[in-house]
Amino acid sequence: MSHKLDPIAGTQGDVASHDQTKSWFYTDIVKEHFFHPKNFMEQDADESQFNAVGKVGSPACGDELRVWMKVDPETERIQEFKWKTFGCGSAIASTSMASEIVTENGGMTLEEARALKPQDIMERLGGLPQRKFHCSVLCDKALRDAINDFYRRENKFDKIVVESARIIDPVSKVTDHDIEEAVLEGAHTLELVQQKTKVGIGNPNCLPAVEELIRFYKEKYFGGK
Ligand code: FES
């Protein structure tokens, strides 16, 4: 399915120069979710009605996102999904769309929600500017955090999935998460990842592993492009 892309100017955190204009396009669906966010957590909402909470901060930009879920303990389906963010327009639109995806048609099971990928959200939005992809990953991560929180509250510890960072270059102390963030910020070649992270500068032995991770994250977030 192809979507007509329109430029949007002046959204929070999105400053585009004339030279960058072409890479700062937002679809009508993104604009709809940005200007009319769905399932936003009200200021005076009673948090005790939710049985799972997730939180994530973005190392790329310093923004933060919180989500609240009401999960049916029997079916493990997501009945409600609310959120609040101090992120940009792309984070707002992505999370708003994600809140619809996980609750539509009776709600996703936690297993289905855990399998949701940032590309699924971006596809439903009709795309995002490449430099804003890391914003769409925020809701994906907060959702995973909330799923773990649900299982922790239910004492189902075997269902908790923790993704801990692995050091790839012991000299520069660069981890796989640092490389993931660099790829999300648009560094899709070894040279660009090195510019951002300094990985492998004093330890070229780790470069094959770095290149493999770049391929892995490009495939994960951008379908290998
Ligand atoms: Fe921070 Fe988009 S720039 S969430």
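Heads up: the structure comes first, above all this text.
Residues numbered from 1 in each chain as written. Predicted model: local features only at pLDDT ≥ 70, side-chain atom pairs only at ≥ 80, totals over all residues. Heavy atoms only, no water.

*Asks:* Looking at this structure, I do not really get helix α5 (residues 133-153). What am I missing?
*Replies:* Three- or four-residue spacings in an α-helix give side chains the same orientation, since the helix completes a turn every 3.6 residues. Across its 21 residues, α5 extends 31 Å between first and last C-alpha, which sits within 8% of the 30 Å expected from 1.5 Å per residue. Counted residue by residue, α5 has 16 buried out of 21 residues, so it is predominantly covered. After α5 finishes, the residue N155 shows a positive phi value of roughly 60 degrees. (Helix = DSSP H or I, 4+ residues; strand = E, 2+ residues; numbered from the N terminus. Expected span 1.5 Å × (residues − 1). Buried < 20%, exposed > 50% of the residue type's maximum accessible area, 1.4 Å probe, protein only.)

*Asks:* For this particular structure, what's the right way to read the pairing of strand β4 (residues 64-71)?
*Replies:* In regular strands, side chains alternate between the two faces of the sheet. Where strand β3 (residues 52-57) and β4 come together, six bridges link them in antiparallel fashion. The residue bridging K55 from the neighbouring strand is R66, located in β4. Between β3 and β4, which pair antiparallel and follow one another directly, the connecting turn spans six residues, one of which, G62, has a positive phi of 85 degrees. Pairing between β4 and strand β5 (residues 78-85): seven bridges, direction antiparallel. If you follow R66 over to β5, its bridge partner there is K84. (Pairing = 2+ DSSP bridges.)

*Asks:* Which parts of the structure should I look at to understand the packing of helix α4 (residues 118-125) against helix α8 (residues 207-222)?
*Replies:* Helix-helix packing: each pair is described by the crossing angle between the helix axes and the interaxial distance. Remark: α4 packs on α8, axes separated minimally by 7 Å, with the N-to-C direction vectors making an angle of 40 degrees. Taken together, the residues of α8 that come into contact with α4 (itself represented by P118, Q119 and M122) are E219, K220 and Y221. When its residues are assigned to classes, the contact of α4 with α8 shows three nonpolar, one polar and two charged. (Axes fitted to C-alpha atoms, helices over the stretch in contact; angles between N-to-C directions. Contact = heavy atoms within 4.5 Å. Nonpolar A, V, L, I, M, F, W, Y, C, P; charged D, E, K, R; others polar.)

*Asks:* Even after reading the chapter, I still don't get helix α6 (residues 176-184), so can you show me in this structure?
*Replies:* Along α6, seven of the nine residues are buried, which leaves the element largely enclosed by surrounding structure. Residues of α6 that are buried include every one of D176, I179, E180, E181, A182, V183 and L184, and no others. Check the buried side of α6 and you find it contacts α5, β6 (167-169), β7 (174-175), α7 (190-197) and α8.

*Asks:* What is the right way to look at the packing of aromatic side chains in this model?
*Replies:* The relative placement of two aromatic rings is captured by the distance of their centres and the angle of their planes. Going through the model one piece at a time under the given rule, you end up with five aromatic pairs. When the centroid spacing of 5.0 Å and the interplanar angle of 55 degrees are considered together, the rings of F34 and F35 count as tilted. In this structure F34 comes out as buried when scored by relative accessible area, which is 18%. Ring centres 5.1 Å apart and planes at 70 degrees place the aromatic pair F216 and Y217 in the edge-to-face group. Assessed through its relative accessible area of 47%, F216 is described here as partly exposed. Residue Y217 is classed as buried on the basis of its relative accessible area of 6%. Through a chain of ring-to-ring contacts, three or more aromatic side chains come together here, namely F216, Y217 and Y221. (Phe/Tyr/Trp six-rings, centres within 6.5 Å; stacked < 30°, edge-to-face > 60°.)

*Asks:* What is the right way to look at the environment of G62 in this model?
*Replies:* Within the secondary structure, G62 is located in the loop between β3 and β4. Residue classification places G62 among the exposed residues on the basis of a relative accessible area of 62%.

*Asks:* I'm lost on the pattern of salt bridges in this one. Help?
*Replies:* Close approach of charged atoms allows side chains of opposite charge to pair. Scanning the model with the defined rule gives 13 salt bridges in all. The residue E64 makes a salt bridge to R66 at a minimum N-O spacing of 3.2 Å. The partly exposed category is assigned to E64, whose relative accessible area is 24%. Here E112 ties to R77 by a salt bridge, and the two come within 4.0 Å at their closest N and O atoms. One end of the pair, E112, is in helix α3 (residues 110-114); the other, R77, is in the loop between β4 and β5, with 35 residues separating them in the sequence. Judged by relative accessible area, which is 41%, E112 ranks as partly exposed. A residue is classified by how much of its surface remains accessible, and R77, at 32% relative accessible area, is partly exposed. Residues joined in a network through salt bridges with shared partners are E76, K156 and K159. (Salt bridge = Lys/Arg side-chain N within 4 Å of Asp/Glu carboxyl O.)

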